[in-house]
Amino acid sequence: LILLACGSFNPITNMHMRLFELARDHLHQTGQYQVIEGIMSPVNDDYGKKGLVSARHRIAMAKLALKTSDWIRVDPWESEQKTWTETVKVLSLSLPVKMLSLEFTSHHHRIPVQSKTKGVAKAGRPNKHRNLSFPFVFLVLPELKLLCGADFLQTFKTPNLWKEEHIKEIVDKFGLVCISRAGSDPAQYINESGLLTTYQHNIFLVKEWIQNEISATQIRYALCRGLSVKYLVPDSVISYIAHHNIYTEESERKNEGDLLQPLKLH
């Protein structure tokens, strides 16, 4: 299974990375899945969210932060498009559709298969098309699931933010892995939605036992006020922010008063 998280990552925080670790632990404990990769997909600048800084900075910060991870990476494809791309399309275009040697080839990027696939692969006979360092072939193609915070479910209720057919495709075709957050009740969000209730078998709710209230919005507010955010975001990201002077009162006013791109379109 591959976990894909879409979002602003403005900036990336320790909590963003914890979501992946929590999800992987939970899915492994079910005994049904082996998580082989995590992918962060920062949203396009055209999304129009207030205070959203340039994707080149958000991508750079994510890459710095994820240097400490051996299984999570950032994918710039979504942010590099000419305009905002709907989440369901990002998921669809990320599906591994073909195997070439030791790689899954997707529509927009290649998903490398490394030795971390142990447990879901078996030895195969080496041939001229295969990298002899990793003589493995997959028994099955991996599934792709959308990873999110539990408050993400609440956004489905925002008028015109989502198309109902897109919500259905996400929860039916792919599935969600939702990490709980203080003040949110994902089970209630599901019960209040007939559509989510229908597909609740494909929604994994993961309890965060160590409560963590890190918010990228609050991080930006602290940075604008010259306050320390050490131990809330990686040191490499703090250094990058300081060097480029990214988060200021001016940057927080970016897109102020604008509608989000999906609201404009829908």
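Residues numbered from 1 in each chain as written. Predicted model: local features only at pLDDT ≥ 70, side-chain atom pairs only at ≥ 80, totals over all residues. Heavy atoms only, no water.

## Details of the pairing of strand β9 (residues 144-149)
In step 1: Of all six residues making up β9, six are buried, and the element is well covered by its neighbours.
In step 2: Neither face of β9 is open: one carries Leu144, Leu146 and Cys148, the other Lys145, Leu147 and Gly149, and all of them are buried.
In step 3: Summarising the sheet, strand β1 (residues 2-7) and β9 pair through three bridges and their orientation is parallel. From the neighbouring strand, leucine 3 faces β9, where its bridge partner is lysine 145.
In step 4: The parallel pair β9 and strand β10 (residues 176-179) is bridged by helix α5 (residues 164-174), and the resulting crossover is right-handed. (Buried < 20%, exposed > 50% of the residue type's maximum accessible area, 1.4 Å probe, protein only. Helix = DSSP H or I, 4+ residues; strand = E, 2+ residues; numbered from the N terminus. Pairing = 2+ DSSP bridges. Right-handed = clockwise from strand over helix to strand, strands pointing away.)

## A word on helix α9 (residues 235-244)
In step 1: By the burial criterion, the buried members of α9 are Val237, Tyr240 and Ile241. On an axial view of α9, the arc spanned by its buried residues comes to 100 degrees, and they lie on one face. More than 90 degrees from the buried face of α9, the exposed residues found are Ala242 and His243.
In step 2: For α9, the elements touching its buried residues are α2 (55-65) and α8 (216-224).
In step 3: Asparagine 245, located one to two residues past α9, shows a positive phi value of around 50 degrees. (Arc of directions from axis to C-beta. Contact = heavy atoms within 4.5 Å.)

## Some words on the nonpolar core
In step 1: With 41 residues, the main nonpolar core has Leu3, Ile12, Phe20, Leu27, Met61, Leu147 and Val177 as its most contacted residues.
In step 2: Contributions of two or more residues to this core are made by β1, α1 (14-29), α2, β3 (72-74), β10, β11 (203-206), α8 and α9.
In step 3: Top contributing element to this core by residue count: α1, with seven residues.
In step 4: When neighbours within four sequence positions are excluded, phenylalanine 20 is seen to be in contact with Leu3, Ala5, Gly38, Ile39, Met40, Trp71, Ile72 and Leu147.
In step 5: Of all hydrophobic cores here, the second largest spans 32 residues; its members include Leu52, Ile167, Phe174 and Leu176. (Core = buried A, V, L, I, M, F, W, Y, C linked by side-chain atoms within 4.5 Å.)

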